[in-house]
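# A structural walkthrough
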Amino acid sequence: MTLHTDFSPQSEPQQNKAKTEIVHPLWLRLCHWLNALAVLIMVTSGWQIYNASPLFDFEFSRSLTLGGWLGGGLQWHFAGMWLFGFNGVFYLLMNIVTGRMKRKFWPLTPRGVLRDLSAALRGKLAHADLRHYNMVQRAAYVFVMLDGIVLVLSGLVVWKSVQFPLLRELLGGVDTARVVHFFAMASLVGFVAVHLVMVALVPKTLLAMLRGR
């Protein structure tokens, strides 16, 4: 067996550069934490609203809800909605304008996702350079961006169905929009849960989101 080791003079400086280079710019970190706050407000207040008129045969524990009653839940939900909406639009625009969208999330292929997912399940997916996303991360982030758009659109129909007749028809009516909104919320909560598990497994990702490198 032959052991290949790189002892080139540039190897160590390149590694040091990777450790000191900014991974997440300030605007991205601000968007991340503002979005985390908005999601926390919207999900917990949304559960309070759900409990007032459940779609399914269960309710969320009051200890997990925000608002205390339907009116309070609605007020919190609207507050979180504006933060989530404006922050999301700013995030998407900055990703497009700075070219980060193309650099970080593309190319994205089914074969690449399956390959990296298989490596992740076997504990062999590398996280040495946080500047680059693997295919699983790219797929997850693209999915949650699309899910956020579905949340906003379905939420608009539930909130102001008369003002958005075309959108209401495209979503199959208010009742269907409520179901879509619920499952989009559930998908977002699932993403957050997986995200927190991955942060626990790779703590340096949290440090990078706090200090940028």
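Residues numbered from 1 in each chain as written. Predicted model: local features only at pLDDT ≥ 70, side-chain atom pairs only at ≥ 80, totals over all residues. Heavy atoms only, no water.

What the protein contains, in helices and strands, is nine helices and zero strands. N-terminal to C-terminal, the α/β element order of the protein is α-α-α-α-α-α-α-α-α. Within the protein, the proportion of its 213 residues that are buried is 31%. Partitioning the contacts of the protein with sequence separation of at least 6, the portion at a separation of at least 24 is 66%. Summed over its atoms, the accessible surface of the protein is roughly 13800 Å², and 70% of this surface lies on carbon and sulfur atoms. (Helix = DSSP H or I, 4+ residues; strand = E, 2+ residues; numbered from the N terminus. Buried < 20%, exposed > 50% of the residue type's maximum accessible area, 1.4 Å probe, protein only. Contact = heavy atoms within 4.5 Å. Areas by Shrake-Rupley, 256 points an atom, 1.4 Å probe, with all protein chains shown as cover.)

If you trace the backbone, Val189 turns up in helix 8 (residues 174-201). Taking the relative accessible area as the measure of exposure, Val189 reaches 30% and is therefore partly exposed. Each C-alpha atom of the pair Val189 and Val39 lies 8.8 Å from the other, and the pair is 150 residues apart in sequence. The contacts of Val189, once residues within four sequence positions are left out, are Val43 and Trp47.

Put simply, helix 2 (residues 26-52) and helix 3 (residues 70-97) touch, their axes get as near as 7 Å, and they point 150° apart. Of the possible angle classes, the one that applies to helix 2 and helix 3 is roughly antiparallel. Once helix 2 is placed against helix 3, the crossing between them reads as left-handed. Here the contact of helix 2 with helix 3 is composed, by residue class, of 20 nonpolar, nine polar and no charged. (Axes fitted to C-alpha atoms, helices over the stretch in contact; angles between N-to-C directions. Parallel < 35°, antiparallel > 145°, perpendicular 65-115°, else oblique. Left-handed = near helix turned anticlockwise from the far one by under 90°. Nonpolar A, V, L, I, M, F, W, Y, C, P; charged D, E, K, R; others polar.)

As a further point, take the pattern of salt bridges. Two side chains with opposite charge may pair up if their charged atoms get near one another. On inspection of all chains with the given rule, the structure shows two salt bridges. With a closest N to O distance of 3.3 Å, Asp116 and Arg115 form a salt bridge. (Salt bridge = Lys/Arg side-chain N within 4 Å of Asp/Glu carboxyl O.)

Here the focus is the UniProt feature "transmembrane region" (unreviewed entry) in the protein. According to UniProt, the "transmembrane region" (unreviewed entry) feature falls on residues 26-50, 74-94, 139-159 and 179-203. With 100% helix and 0% strand, residues 26-50 has its two end C-alpha atoms placed 35 Å apart. (UniProt positions renumbered as here; feature names shortened; annotations may be inferred.)

As a further point, take the nonpolar core. Phe60, Tyr91, Phe105, Met145 and Met185 are the most contacted members of the largest nonpolar core, which totals 26 residues. At the level of elements, helix 2, helix 3, helix 4 (100-105), helix 6 (135-159) and helix 8 are the ones that each hand at least two residues to this core. It is helix 2 that contributes the most residues to this core, nine residues altogether. Each of domain 1 (23-105) and domain 2 (107-212) accounts for three or more of the residues forming this core. Apart from the residues within four sequence positions on either side, Tyr91 is in contact with Trp27, Leu28, Cys31, Arg100, Phe105 and Met145. (Core = buried A, V, L, I, M, F, W, Y, C linked by side-chain atoms within 4.5 Å. Domains from an automatic or database assignment.)

Tracing the backbone through its elements, the reader meets Lys104 in helix 4. Looking at Lys104, the relative accessible area reads 10%, which means it is buried. Beyond its immediate sequence surroundings of up to four residues, Lys104 is in contact with Val23, Arg131, His132, Tyr133 and Arg138.

Attention shifts here to the environment of Val157. Among the secondary structure elements, Val157 is positioned in helix 6. Since its relative accessible area comes to 0%, Val157 is described here as buried. Through-space distance from the C-alpha of Val157 to that of Ala177 is 6.6 Å; in sequence the pair is 20 residues apart. If we skip the residues at most four places from it in the chain, Val157 touches Leu167, Arg168, Leu171, Gly173, Val174 and Ala177.

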